[in-house]
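Breakdown of the fold
One letter stands for each residue in the lines below.
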Amino acid sequence: MFEQVIGQHDIQQRLMQLVSEERLPHAIMLCGPQGAGKMALAIDFAKVLLTANGQKPSAMVDKLEHPDLHFTYPTIKLPSMSAEHKPVSDDFATQWHELLMAGPYFTMTDWLEQMGGENQQAIITAGESDALLRKLSLKSSQGGYKVSIIWLPERMNIECANKILKLLEEPPSQTIFIMVCEEPEKLLETIRSRVQRIDVRRIDNDSICQALKERRGLSDDIAQRISRMANGSWRQAMELLTTDTENELFLDLFQALMRLAYQRKVKELKQWSEQLASMGRERQKRFLTYFLRLVRENFMYNFQQEEICYMSQREEDFARNFARFINEANILPITELIDRNIRDIGQNANAKIVFFDMALQMIVLLIQK
């Protein structure tokens, strides 16, 4: 029970209590940051529900092939699809199952790569809500619960969201919805009001450390360092165990921006912004998120408290000379700038303009003291 989940014992207990006390709502929404284990909790809880009422665990449950378990997730439009076709989860069922069986701690980046659409923005279409309604209108094949897991419901388009709302208002018999959400504020208020929200916090360092030692055979020293750098994310802990070439690229871009901004080399900054603009929007958002983290880490580095710094060795080597430029006068304006850019890129703003403006503003922000 909850074998895949790292930590989160309080959430596990709360979910089991809902079952034992027969207070199980028809819709639950697990909300929290990436890598905290929301999908792991959702899948393992679905297994509990599918084996309730005296049903024995089966290979179908273990392999996530139970006929009463349904997954909904963002998809992309492939070139091979017709113009009128609205992509649905079933179009990518094989790829999704392969991703799930590799482990429940994955990201949208992983999923896009699995689908073969790294430069696209995945959404849940209205066609998906129609397909889900058809599936859930059937009787349970095993006589127990039907479980619908919706991954990243905030990526539903408005037509889909309204249809899902109707499903939540009049749920099919014996159906439990489990939503796995990272940005609940993007959901319709009417949807949020019809689910029982459970907030999943970042995983505590001790649980990550223990899992690294038990599941990966790491020494205590290495496990402790990685658990601190993981910042409550099991996924990030796994990435730290391997060479993360994207983070290396992001660090190079971060260093280049700061040096060029300090030297006020506008022509080179324009070239820098064009390089970023040539990347896909999902990668651009990942860079901005990385940028935001590194700015905050450099600010904390100034306090010379090792236990609150979460940087790789190469990041720390750069921070040794750079961190003094991130201070009380500019940390908030820089943070607000990057948050705004993440929003703008997500809304399909012109990337060249966004990143060149960001580069020019960094010239001014770096000299604030």
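Whatever comes next refers back to the structure up there.
The paragraphs below set out a description of the structure included in this document.

Analysis parameters
- Residues numbered from 1 in each chain as written.
- Predicted model: local features only at pLDDT ≥ 70, side-chain atom pairs only at ≥ 80, totals over all residues.
- Heavy atoms only, no water.
- 1 Å grid on protein atoms, 1.4 Å probe; cavity = no way out; pocket = protein on both sides within 12 Å on 5 of 7 lines; lining within 4 Å.
- Points joined across faces, edges and corners; volume = space filled by probe spheres on them.
- Phe/Tyr/Trp six-rings, centres within 6.5 Å; stacked < 30°, edge-to-face > 60°.
- Helix = DSSP H or I, 4+ residues; strand = E, 2+ residues; numbered from the N terminus.
- Buried < 20%, exposed > 50% of the residue type's maximum accessible area, 1.4 Å probe, protein only.
- Pairing = 2+ DSSP bridges.
- Axes fitted to C-alpha atoms, helices over the stretch in contact; angles between N-to-C directions.
- Parallel < 35°, antiparallel > 145°, perpendicular 65-115°, else oblique.
- Contact = heavy atoms within 4.5 Å.
- Nonpolar A, V, L, I, M, F, W, Y, C, P; charged D, E, K, R; others polar.
- Expected span 1.5 Å × (residues − 1).
- Arc of directions from axis to C-beta.

**A look at empty space enclosed by the protein**
Following the criterion strictly, the structure yields one cavity of 30 Å³ or more and no others. Put simply, the largest cavity is a space of about 110 Å³. What lines the largest cavity is a set of 14 residues, among which Gly-35, Lys-38, Met-39, Pro-104 and Phe-106 lie closest to the centre.

**Some details on the packing of aromatic side chains**
Under the defined criterion, the tally for this structure stands at 19 aromatic pairs. For the ring pair Trp-272 and Phe-355, a centre distance of 6.4 Å and an interplane angle of 80° mean the geometry is edge-to-face. Taken together, the positions of Trp-272 in helix H13 (residues 266–277) and Phe-355 in helix H17 (residues 351–365) put the pair 83 residues apart, joining distant regions of the chain. With respect to burial, Trp-272 and Phe-355 carry one shared label: buried. Connected via pairs of aromatic rings, a cluster forms that spans Phe-250, Phe-254, Tyr-262, Trp-272, Phe-287, Tyr-290, Phe-291, Phe-318, Phe-322, Phe-325 and Phe-355.

**Thoughts on the pairing of strand E1 (residues 27–31)**
In terms of burial, E1 is a largely internal element, five of the five residues being buried. Of the two faces of E1, both are covered, the one formed by Ala-27, Met-29 and Cys-31 as well as the one formed by Ile-28 and Leu-30. Here E1 runs beside strand E4 (residues 175–181); their pairing, made up of five bridges, is parallel. Across the sheet, Ala-27 pairs through a bridge with Phe-177, a residue of E4. Relative to strand E5 (residues 196–199), E1 runs parallel, the two sharing four bridges. Each residue of the ladder has a partner; that of Cys-31, found in E5, is Asp-199.

**Some details on the packing of helix H14 (residues 281–301) against helix H16 (residues 331–346)**
Following both chains from N to C, one finds H14 and H16 inclined at 170°, their axes separated by 9 Å at the closest point. Looking at the two axes, H14 sits roughly antiparallel to H16. Across the interface between the two elements, Arg-281, Gln-284, Lys-285, Leu-288, Thr-289, Phe-291, Leu-292, Val-295, Arg-296 and Phe-299 from H14 touch Ile-331, Ile-334, Thr-335, Ile-338, Asp-339, Asn-341, Ile-342, Ile-345 and Gly-346 from H16. Residue composition of the contact of H14 with H16, by class: ten nonpolar, five polar and four charged.

**Quick look at the environment of Gln-196**
For Gln-196, the location among the structural elements is in strand E5. Residue classification places Gln-196 among the partly exposed positions, given a relative accessible area of 26%. C-alpha of Gln-196 to C-alpha of Phe-356: the two residues are 160 residues apart in sequence and 43 Å apart in space.

**Considering unusual backbone geometry**
One non-glycine residue, Phe-2, lies in the positive phi region at around 55°. Positive phi, close to 60°, is recorded for Leu-64, a residue that is not glycine. With respect to the secondary-structure elements, Leu-64 resides in the loop between helix H3 (59–62) and strand E2 (69–72). For Leu-64, a relative accessible area of 10% puts it in the buried group.

**Some words on H13**
In a regular helix each residue adds 1.5 Å, so twelve residues correspond to 16 Å; H13 covers 16 Å between its end C-alpha atoms and thus fits that length. All of the buried residues in H13 are Leu-269, Trp-272, Ser-273, Leu-276 and Ala-277. Projected down its long axis, H13 shows its buried positions confined to an angular sector of 135°, all on one face.

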